[in-house]
Amino acid sequence: MKIALGSDHAGLPLKEEIIKHLKSKHIEIKDFGTYTEESCDYPDFALKVAEKVKSKEFEFGILVCGTGIGISIAANKVPGIRAALCSDTFSAHACREHNNANILALGQRIVGLGLALDIVDTFLSAEFQGDRHQRRIDKISEVEKKYCK
Ligand code: RB5
């Protein structure tokens, strides 16, 4: 499993902790920035990670900003990306099982470190259930086709 990570300055400390956590589990990762605490724009990093996930070079992405809101909104503009903002473990497995989310978004200012790492583990270990959920995702793809011309 290869994971692409990205954050803005507000999400940098949590992203670094997630990277340490994933490396300790021997999960392959690549960090697409930002790398410093200098103020930057979350859409830039959302796009880098979303494009890597869309191309299937990476199976999943993890994005962090202050709230997780801006970076998830930006990632979801890329067709085929289903970025789920999670602040609890129920959402972390439901977004995989029902929505086949391919990016997990987290808010550094919202969740504590312990919860954030549990959310990451839960997201990465849950599996898409297909069936009626696939039909609903297909309808999202139809919306993308209608508006992304
Ligand atoms: C940066 O201050 C902050 O606006 C950003 O990290 C994020 O929370 C936006 O949604």
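Scroll up for the structure.
Just so we're clear, the structure is a prediction, and the values are computed from it rather than from any experiment.

Conventions we followed
Residues numbered from 1 in each chain as written. Predicted model: local features only at pLDDT ≥ 70, side-chain atom pairs only at ≥ 80, totals over all residues. Heavy atoms only, no water. Patch = residues over 30% accessible without salt bridge, like charges linked within 9 Å, V, L, I, M, F, W, Y side chains within 5 Å. Areas by Shrake-Rupley, 256 points an atom, 1.4 Å probe, with all protein chains shown as cover. Salt bridge = Lys/Arg side-chain N within 4 Å of Asp/Glu carboxyl O. Helix = DSSP H or I, 4+ residues; strand = E, 2+ residues; numbered from the N terminus. Near = heavy atom within 4 Å. Polar contact = N/O pair within 3.5 Å; in protein donor to acceptor, adjacent residues only side chain to side chain. Nonpolar A, V, L, I, M, F, W, Y, C, P; charged D, E, K, R; others polar. Pairing = 2+ DSSP bridges. Axes fitted to C-alpha atoms, helices over the stretch in contact; angles between N-to-C directions.

Engineer: Honestly, a nonpolar patch on the surface in this entry has me stumped. Any pointers?
Structural biologist: Taken together, Ile69, Ile73 and Leu85 make up a surface patch of nonpolar side chains, about 250 Å² in accessible area. Tracing the backbone through its elements, the reader meets isoleucine 73 in helix H3 (residues 69-75).

Engineer: When you look at the site of the ligand in this model, what are you seeing that I'm missing?
Structural biologist: All residues in the neighbourhood of the ligand are listed as Asp8, His9, Ala10, Tyr42, Cys65, Gly66, Thr67, Gly70 and Arg109. Here aspartate 8 contributes a side-chain N or O atom positioned 2.5 Å from an oxygen atom of the ligand. Within the backbone of threonine 67, an N or O atom sits 2.9 Å from an oxygen atom of the ligand. In isolation the ligand exposes 290 Å². Once the protein is present, 71% of that is buried. Of the residues contributing to the shell around the ligand, the split by class is 3 nonpolar, 4 polar and 2 charged.

Engineer: How do you make sense of the sheet that holds strand E2 (residues 28-31) when you look at a structure like this?
Structural biologist: Paired through backbone hydrogen bonds, the strands of a sheet run either parallel or antiparallel to each other. Taken in spatial order, the 5 strands make up an open sheet running E2-E1-E3-E5-E4, and their pairing is parallel. The sheet is open, and its two edges are formed by E2 and strand E4 (83-85), each paired on a single side. Between one strand axis and the next, the sheet turns through 20° on average, direction left out of account. In this sheet, strand E5 (residues 103-107) lies alongside strand E3 (residues 60-65) in parallel orientation, the contact comprising 5 bridges. Considered in E5, the bridge of isoleucine 62 is made with leucine 104.

Everything listed here is a matter of coordinates, which is why it stays silent on function.
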